[in-house]
Amino acid sequence: MAYFPTWRLTNNATVLPDERLPTSAAVPMGIQHLLAMSGSTIVAPLIMGFDPNVAVFFSGIGTLLFFFITGGRVPSYLGSSFAFIAVVIAATGYAGSGPNANIGVALGGIIACGAIYALIGLIVMGVGTGWVEKLMPPAVTGAIGVAIGLNLAPVAVNQLKGTGAHITIALLTVLCMAMISAYGPRSTRRIAVLLALVFGYLLVLILGNGLGLINGIDFATVQNAAWFGLPHFTKPEFSWPAIALIAPVAIVLVAENLGHIKALGSITGQNMDRYIGRGFLGDGLATMISGSGGGTGVTTYAENIGVMAMTKVYSTLVFVIAAVVALALSMSPKFGAVLQTIPAPVLAGLAVSVFGLIASAMARIWVVNKVDFSDPRNLFTVAVALIFGAGDFTITIGSFSLGGIGTSTFAALIMYQLLGIGRRSEA
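Residues numbered from 1 in each chain as written. Predicted model: local features only at pLDDT ≥ 70, side-chain atom pairs only at ≥ 80, totals over all residues. Heavy atoms only, no water.

### Topic: helix α20 (residues 404-418)
What counts here: Helix and strand definitions here come from DSSP, where helices need a minimum of 4 consecutive H or I residues and strands a minimum of 2 consecutive E residues; each element is numbered from the N-terminal end. To estimate the expected span of a helix, count its residues, drop one, and scale the result by 1.5 Å. Type-normalised accessible area, obtained with a 1.4 Å probe on protein chains alone, sets the label of each residue: buried when under 20%, exposed when over 50%, and partly exposed for intermediate values.
In this model α20 runs 20 Å from its N-terminal to its C-terminal C-alpha over 15 residues, within 8% of the 21 Å that 1.5 Å per residue would give. Listed in full, the buried residues belonging to α20 are Gly404, Ile405, Gly406, Thr407, Ser408, Thr409, Ala411, Ala412, Leu413 and Tyr416.

The structure is reproduced here in structure tokens:
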């Protein structure tokens, strides 16, 4: 079998990964996938104080790298991962607004996380995924994911605090996202984050720039920004405390990507398990490259899987188009300047929604996999992990510190295995 498919031209209602649409249909489809990922890929770096233009640039680079490493056979877009938000904020002491002054140490941690993730990919390519599924069953992956969301709760609440106008706009942004997600057409639900961002932005324009009731948006930086130019890259710094905080996120990315590739196999009707190791490797390397230049850690996106499920178009070439368009946008400093004008109350509303959704979406793993909480092994694994994560339980040994995300991750992994000793012989 050739490394890359031949991509047969088709006009069928269902387009398989190794097929392609006519260019006139493929380009709009690629832009649709770009829109589906844009809300999360832009919001995540803004919440961490990263440059969103750089994040968009590396999302394009990462998607192309993933495409080549998987042989163009796994339809996926790689965008900013929300799993990094809590640990990056903890590692850098980010206050929640403006550029992150300590971004360098976060980048070092992101690179370390990507290296571990890539190494796991190489091992999976050699021996398969059985050990991953045994080490990280649904009870464990769900517990780690929910702990990350709960760990972020104080960050969201602190961003929400402010004047009456600040809180009102933030909560209206939350309500907008909820209404779109609950009542919007299926096509708009996929971009609920982006639409809520636009809604909040327009609200500030009307009430601030238009009516003068609140502080408006200052467009001076947008006017002064050039139309074309490279993003502003940042060098990483390697700090053991930051690496200890951020590197364990690799476990979350493994669980997330494993689920996404299995979901792709289900909706396409093609067994993609043989590409899981390559997928981990591609995602891990893309995260390392992103961290080396000032970007966020990246992951495959459920939003794009939703678009594919809706359109029945699974052609991997569509994601090449989306990546190229993302790279083109990132080459415009003016585009980046517009992103930097997103008002603080809008970001606060998005933080409340997104952080809560991290926890609730990961809790869905327990429901889908029918995790038995009458089993003390599952019950205590989840209980301890959630307390460590939500309470930000930190272990400090000398100058080394392991924060709530790390302690909850290791607690879930260790507790589940310890409570499984002797169970097989009892059965």
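### Describing the environment of arginine 377
Selection criterion: A contact between two residues is defined here by any heavy atoms of the two lying within 4.5 Å.
Looking at the secondary structure, you find arginine 377 in helix α19 (residues 376-390). Counting along the chain gives 182 residues from arginine 377 to leucine 195, while the straight-line C-alpha distance between them is 41 Å. Not counting the four nearest positions on each side in its chain, arginine 377 is found in contact with Tyr416, Gln417, Leu419, Gly420 and Arg423.

### So, helix α6 (residues 138-151)
Note on helix geometry: an α-helix contains 3.6 residues per turn, so any two residues three or four positions apart are oriented the same way. For α6, spanning 14 residues, the distance from its first C-alpha to its last is 20 Å, which sits close to the expected 20 Å at 1.5 Å a residue. Counting buried positions along α6 gives 12 out of 14 residues, so the element sits mostly inside the fold. Among all positions of α6, only Ala139, Val140, Thr141, Gly142, Ala143, Ile144, Gly145, Val146, Ala147, Ile148, Gly149 and Asn151 are buried.

### Re the environment of threonine 41
When you line up the elements, threonine 41 lands in helix α1 (residues 23-48). When the C-alpha atoms of threonine 41 and leucine 203 are compared, they prove to be 22 Å apart, with 162 residues separating the residues in sequence. When sequence neighbours within four positions are dropped, the list of residues in contact with threonine 41 reads Ala55, Val56, Ser59, Gly79, Ser80 and Tyr301.

### A short note on the nonpolar core
Let me state the cut-off plainly: By nonpolar core is meant a set of buried Ala, Val, Leu, Ile, Met, Phe, Trp, Tyr and Cys residues that side-chain atoms within 4.5 Å join together.
Core analysis: the largest hydrophobic core is formed by 95 residues, its most contacted members being Phe84, Ile85 and Ile246. If near-sequence neighbours (up to four positions away) are discounted, isoleucine 246 is found in contact with Phe84, Val87, Val88, Ala91, Ala106, Gly109, Ile110 and Cys113.

### Thoughts on unusual backbone geometry
The phi dihedral of tryptophan 7 falls on the positive side, at around 55°, and the residue is not glycine. Mapping tryptophan 7 onto the fold places it in the segment before β1 (8-9). The exposure class assigned to tryptophan 7 is buried, which follows from its relative accessible area of 13%. In the Ramachandran plot, lysine 370 falls in the positive-phi region, its phi being about 55° despite a non-glycine side chain. Note that lysine 370 resides in the loop between α18 (344-368) and α19.

### Description of the environment of valine 371
Here valine 371 lies in the loop between α18 and α19. Accessibility expressed as a relative area gives 16% for valine 371, which makes it buried. Linking valine 371 and glycine 114, residues 257 residues apart in sequence, is a C-alpha distance of 29 Å. Setting aside chain neighbours within four positions, we find valine 371 in contact with Pro138, Ala139, Trp366 and Asn378.

### So, the pattern of salt bridges
As a reminder of what qualifies: In what follows, salt bridge is the name for a side-chain nitrogen of Lys or Arg lying within 4 Å of a carboxyl oxygen of Asp or Glu.
This model, assessed by the stated rule, comprises two salt bridges. Salt-bridge contacts for glutamate 19 lead to arginine 8; the nearest nitrogen and oxygen are separated by 3.1 Å. Here arginine 8 lies in strand β1 and glutamate 19 lies in strand β2 (residues 19-20), a separation of 11 residues in the sequence. On the accessibility criterion, glutamate 19 (9% relative accessible area) is buried. When its relative accessible area of 41% is taken as the criterion, arginine 8 is described as partly exposed. By sharing partners, the salt bridges in this structure join Arg8, Asp18 and Glu19 into a single network.

### Section: the packing of helix α4 (residues 103-127) against helix α13 (residues 249-268)
Formally: For every element, the axis is a line fit to its C-alpha atoms; helices are fit only across the contacting stretch, and the angle between N-to-C directions ranges from 0 to 180 degrees. Angle categories are assigned with fixed cut-offs, so that under 35 degrees is roughly parallel, over 145 is roughly antiparallel, 65 to 115 is roughly perpendicular, and the rest are oblique. In a left-handed crossing the near helix is turned counterclockwise from the far helix by less than a right angle, and in a right-handed crossing that turn is clockwise.
Taken N-terminus to C-terminus, the directions of α4 and α13 make an angle of 45°; their axes are 8 Å apart at the nearest point. The orientation of α4 with respect to α13, classified from their angle, is oblique. Where α4 crosses over α13, the two elements pack in a sense that is right-handed. Contacts between α4 and α13 involve Cys113, Ile116, Tyr117 and Ile120 from the former and Val249, Ala250, Leu253, Val254 and Asn257 from the latter.

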